[in-house]
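What the coordinates show
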Amino acid sequence: MAEEGSGRHGAQVMGSEVRGRYSRAVPSRSGARVSADDPRSVDSPTPAVAGGSRSAESRTDDGSIDDPAPRDACGVFGVFARSEEVAKLAYYGLYALQHRGQEAAGIAVADGRSIVVYKELGLVAQVFDEVTLGSLRGHVAVGHCRYSTTGAGTWENAQPTYRTRGNGGVALGHNGNLTNTAELAGSVVRDDHTVAATTDSDLITAMLAASHLALDKAALEVLPLLTGAFSLVWCDETTLYAARDRHGVRPLVLGKIGTAPAGESDRSDAWVVASETAALDIVGAQFVREVAPGELLVIDDDGVRSSRFAEPERHGCLFEYVYLARPDTWIAGRSVHAARVEVGRTLAHEAPAEADLVIPVPDSGTPAAIGYAEASGIPYGAGLVKNAYVGRTFIQPSQTIRQLGIRLKLNPLREVIQGKRLVVVDDSIVRGNTQRALVTMLRDAGATEVHVRISSPPVRWPCFYGIDFATRGELIAADADGPEGIDEIRRSISADSLAYVSLEGLEAASHQPHDELCRACFDGAYPVRLPSPEHRNKHLLEAVEESETLMAGVDGGDPSPDEFDRVPL
């Protein structure tokens, strides 16, 4: 059964500061294990959370307070290793994936008889310390760093999610976004004795936990029911599992730690699954291969076993090459850094400018700016300094700080840009507020001309597969058809000129076949069936929960017979 708590009831406490909250799964034949000082009763094992639940929704990205960049759903990391400190490997893996999710972080560790989950709101380095990691002992670990695309940014929604299963449990991390969440939610019954998570990830965990089959066989039944984007890593007490949706929208790779050849039946090596190859590098793992679309992996003492739960129909996210992935990652055999440099070269040919200096908007605009400078012959320079320690914070900025805007994140090098005609290369424009402030700041610092070049096509459509873009009505390029629309954006941000790379140019730089890419945020052609408009709300499951609560207050009668056929959540 599961035990969860915070403060003196199970969290590690440093002085008066609660550093995190544990969820421990201990097999028990007699019900929930509750400590003597725990305020819960065996009859009501609902977690007691000290101090309420903080929400990451209140946090702001200080570098662009009013115009947040596109944010990916999450990063996932899993490791199976008998002779390694798996919690520390997971920690460093998540550290490498921090860019994919900055709201919350968590690690689940299994030791053969139980699963312990430790998670909290905040960055990886804020959530974990040496003492905490030392307490997480086992041979299997699942790590997760989150940015919410379904469900609020609360502690309850932090991952890995956990569900009891027979005499054990399952802990799961998810990168992506399901498109049939409403349908799945309609097929489950909420159990009031569990944490009130409201995510598609928790629905998946509940469905796996509800099956009486072995977990690998349960996955082969559950995974075909899911639509949308999902790269999953999960574990029970003894085994690591991983799966990727049939479209392969989000990346997922397999690696191994050891010197033996990269065979998947080797029993002596440690195995790693991660969102990006960069996470393999940081823990010293060799890249073996990508997890194929529609594939389930089972990793235990016998090595890696592969099953297929769906026929592949690849549609990898093109925006991973633009912004989401680290530049030192490889996706589908292509270096992300090399792709971004090539996009910059293409942009220089498609949209030349007469200028004295090419500067990037660091860090995501840097490779494309290098390519633009190479192809154009215009010198490359660092005209903006990024504050590497801005990060994310729970502190709300005052109005005075808000007015500083982008200066919290970027500051111009006046001696470099004064009197210069600049080409400023950035990765994308979402609402336009950041670029407007940036152009103004550069002019104030002495730039005589500012020519903005964007290393992606105009973002005109929202993403439903794991990127938290603005709604279409908030996207500055939503209705930017043709040169007139682009010029309207140029006037809005006060640039001397503005150009985006073509969709064809970006596709060519990815080295991926046209029909194996998802380009929906650029062209509106969604490869995976979308939910109905009323079910496209990020907080869909909060609404479902509220509705169920209201109905419970109106009608306290017995459930209808068909409710007994639904999966318990």
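Residues numbered from 1 in each chain as written. Predicted model: local features only at pLDDT ≥ 70, side-chain atom pairs only at ≥ 80, totals over all residues. Heavy atoms only, no water.

1. Some remarks on the environment of E84
Mapping E84 onto the fold places it in the loop between β6 (74-80) and α1 (86-96). Along the chain, E84 and V140 lie 56 residues apart, while their C-alpha atoms are 9.6 Å from each other. Among all residues touching E84, those that are not within four sequence positions of it are L89, G138, I257 and A270. (Helix = DSSP H or I, 4+ residues; strand = E, 2+ residues; numbered from the N terminus. Contact = heavy atoms within 4.5 Å.)

2. Description of the sheet that holds strand β29 (residues 497-500)
Here four strands make up an open sheet; going across it, the order is β23-β27-β28-β29 and the pairing parallel. Sheet topology places β23 (357-360) and β29 at the edges, where each strand pairs with a single neighbour. Taking the axes of each pair of neighbouring strands and ignoring which way they run, one obtains an average angle of 20 degrees across the sheet. Relative to strand β27 (residues 421-426), β23 is paired through four bridges, and the arrangement is parallel. Paired with V358 across the strands is V423, a residue of β27. (Pairing = 2+ DSSP bridges. Axes fitted to C-alpha atoms, helices over the stretch in contact; angles between N-to-C directions.)

3. Observations concerning the sheet that holds strand β13 (residues 228-235)
The sheet built from six strands is open, its strands ordered β10-β11-β13-β14-β18-β19 with antiparallel pairing. Each edge of the open sheet is held by one strand with a lone partner, namely β10 (161-165) and β19 (303-308). Strand-to-strand twist in this sheet, taken as the mean axis angle between neighbours without regard to direction, amounts to 20 degrees. Where strand β18 (residues 295-300) meets β19, six bridges bridge the pair, whose relative direction is antiparallel. Paired with L297 across the two strands is S306, which belongs to β19.

4. Some words on the packing of aromatic side chains
Inspection of every chain in the model, using the stated rule, returns 10 aromatic pairs. Here Y91 and F128 contribute two aromatic rings whose centre-to-centre distance is 6.3 Å and whose plane-to-plane angle is 80 degrees, an arrangement assigned as edge-to-face. Here the residue Y91 occupies a position in helix α1, and F128 occupies one in the loop between α2 (124-127) and α3 (130-135), the gap between them amounting to 37 residues. The class for F128 is buried, based on a relative accessible area of 3%. Among the aromatic residues, those joined into a cluster by ring pairs are Y91, Y92, Y95, Y118 and F128. Between R472 and the ring centre of W461, over which it is positioned, the NZ or CZ distance is 3.8 Å. (Phe/Tyr/Trp six-rings, centres within 6.5 Å; stacked < 30°, edge-to-face > 60°. Buried < 20%, exposed > 50% of the residue type's maximum accessible area, 1.4 Å probe, protein only. Lys NZ or Arg CZ within 6 Å of the ring centre and 35° of its normal.)

5. Quick notes on α1
Each full turn of the α-helix corresponds to 3.6 residues, which orients residues three or four apart in the same direction. When you tally the buried positions in α1, you get eight out of 11 residues, the bulk of the element. Those residues of α1 that sit buried are V86, A87, L89, A90, Y91, G93, L94 and A96.

6. Considerations on a nonpolar patch on the surface
A surface patch of nonpolar side chains, about 310 Å² in accessible area, is lined by Y92, Y95 and I282. Residue classification places Y95 among the partly exposed residues on the basis of a relative accessible area of 46%. (Patch = residues over 30% accessible without salt bridge, like charges linked within 9 Å, V, L, I, M, F, W, Y side chains within 5 Å. Areas by Shrake-Rupley, 256 points an atom, 1.4 Å probe, with all protein chains shown as cover. Salt bridge = Lys/Arg side-chain N within 4 Å of Asp/Glu carboxyl O.)

7. Let's talk about the side chain of T329
Examined against the element boundaries, T329 turns out to sit in the loop between α8 (319-324) and β21 (330-331). When its relative accessible area of 1% is taken as the criterion, T329 is described as buried.

8. Quick word on the nonpolar core
In this structure, F319, V358, Y372, Y465 and F522 are the most contacted members of the largest nonpolar core, which totals 44 residues. Put simply, the parts of the chain that give this core at least two residues each are α8, α9 (336-350), α10 (366-376), β27, α15 (503-510), β30 (517-518) and α16 (520-523). Broken down by element, the residue count for this core peaks at five residues, all from α9. When near neighbours in sequence (up to four residues on either side) are disregarded, Y372 contacts G344, R345, L347, A348, A351, P352, A353, V358, I378, V423, V425 and R453. Judged by nonpolar contacts, the second largest core, of 32 residues, contains A81, L89, F128 and A270. (Core = buried A, V, L, I, M, F, W, Y, C linked by side-chain atoms within 4.5 Å.)

9. Things to note about unusual backbone geometry
That bond from Q159 to P160 is cis: its omega, 5 degrees, falls within 30 degrees of zero. Within the secondary structure, P160 is located in the loop between β9 (140-146) and β10. Here the amide bond leading from P362 into D363 is cis, since omega sits at 0 degrees, within 30 degrees of zero. Among the structural elements, D363 can be located in the loop between β23 and α10. Positioned with a positive phi, H511 is a non-glycine residue whose angle comes to about 60 degrees. Along the chain, H511 turns up in the loop between α15 and β30.

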